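Coordinate inspection notes
Take a look at the letters that make up each chain.
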Amino acid sequence: MTTPGLFDDLEDDALPATQALASGAVLLRGFARARAGALLDGVSKVLAQAPLRHLVTPGGFRMSVAMSNCGPLGWVSDRSGYRYDANDPDSGRPWPAMPEVFAELADSAARAGGFDGFAPDACLINRYEPGTRLSLHQDRDEGHYDWPIVSVSLGLPAVFLFGGGRRSDKAQRVPLVHGDVVVWGGPSRLHYHGVLPVKDGVHPMTGACRINLTFRKAG
Ligand code: MD6
Ligand code: FE
C-alpha cells in the first residue's frame, strides 16, 4: 500500500499542471503539447531561411547549443559580445518572420503565468543534441526587464536548472519534457538558469535532439 500524502488528488503519478518555481516563475506542464506539430513546422520553415549555427562566445568558445532566431530581433554572440540584431549575421538579411503560432503560444503562456499582453519581438531557437548543456546564466541582453522570458521545450527531455538572483544561489532541478513551458518574469526575471547535459534518446517528433524556443521582448 502506498503512503497517503500530498498528491492523493492526482491520478497515478501525474504531476500538477502548473507548478510555481519562484515568485514570477512558473512551469506550465504540457502547455504547448497540442501545438507541437505546428510549432515544429514553423521551426523547419525558419531554419530553412536562417540555418542553425554554433555561435562563438565573447571569450572565444564555440557554444554547444546550435542557435537561430525569428522575429524582428535575434540574439547573437561573437568575439565583440552578446547583442540583439535585426539581421542574421550569416546572411546579412533580416531574421525570418515569427510564425503566428509562435506568437500566439508565447502570449497565451505568458498570460497563464500572470503576464498579460506579451508581444515578443525575438524568438531564439536552440537545438540541444545529446551531451549538450547550457551553463548557468542570466538573460540580460534585452536592455529592460519589463516582460517575462517564455521558454518552450520540444523533443527530448532535459533538466532545467532554475536558481536565484545570485549565481551562488542553489538551483532547483526541474525536469522538462516535450510540450512543457517555463515562464519567468517580474521578481525572477533575472534569475540564473541553465540546462544539464541532454541524455541520449530519440523523440518521435524531433529525432535525437531537444528544441527549445525562448521568447523575449528585446527592443
Ligand atoms: C532552455 N534556455 O533551453 C533554456 N538562454 O530550457 C535558455 O535559457 C537560453 O537556450 C539564452 C540563450 C539560449 C538559451
Ligand atoms: Fe537563458
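See the structure printed just above.
Within the element layout of this structure, S153 appears in strand β8 (residues 149-155). By relative accessible area, which is 1% here, S153 ends up buried. If we ignore the near neighbours within four places in the chain, the residues touching S153 are L176, V177, H178, G179, D180, R210, I211 and N212.

Around a metal, the ideal angle is 109.5 degrees if four donors adopt a tetrahedral arrangement and 90 or 180 degrees if six donors adopt an octahedral arrangement. Looking at the iron ion (ligand 2), one finds its protein donor set to be H137 (NE2), D139 (OD) and H193 (NE2), positioned 2.1 to 2.2 Å from the metal centre. Along the chain, the residues donating to the iron ion (ligand 2) are arranged with the sequence spacing H-x1-D-x53-H. Taking relative accessible area as the criterion, D139 reaches 6% and is therefore assigned buried.

This part takes up the packing of helix α1 (residues 36-49) against helix α2 (residues 100-112). One can describe the packing of α1 onto α2 by two numbers: an axis separation of 9 Å at closest approach and a directional angle of 130°. It follows that α1 is oblique to α2 by the angle criterion. The chirality of how α1 crosses α2 is left-handed. Residues A38, L39, G42 and V43 of α1 touch α2, and the partners they reach there are V101, F102 and L105. When the residues that make up the contact of α1 with α2 are grouped by side-chain class, the tally is six nonpolar, one polar and no charged.

In this section: the pattern of salt bridges. Where charged atoms from two side chains of opposite charge come close, those side chains can pair. All chains considered together, the criterion is met by twelve salt bridges. Ionic pairing is found between D78 and R83, a salt bridge with its closest N-O pair at 3.2 Å. Put simply, D139, E142, R189 and R216 are held in one network by salt bridges that share partners.

What counts, and at which threshold
Residues numbered from 1 in each chain as written. Chains lettered and ligands numbered in written order. Predicted model: local features only at pLDDT ≥ 70, side-chain atom pairs only at ≥ 80, totals over all residues. Heavy atoms only, no water. Helix = DSSP H or I, 4+ residues; strand = E, 2+ residues; numbered from the N terminus. Buried < 20%, exposed > 50% of the residue type's maximum accessible area, 1.4 Å probe, protein only. Contact = heavy atoms within 4.5 Å. Donors = N, O, S within 2.8 Å, 3.2 Å for Na, K, Ca; no water. Axes fitted to C-alpha atoms, helices over the stretch in contact; angles between N-to-C directions. Parallel < 35°, antiparallel > 145°, perpendicular 65-115°, else oblique. Left-handed = near helix turned anticlockwise from the far one by under 90°. Nonpolar A, V, L, I, M, F, W, Y, C, P; charged D, E, K, R; others polar. Salt bridge = Lys/Arg side-chain N within 4 Å of Asp/Glu carboxyl O.

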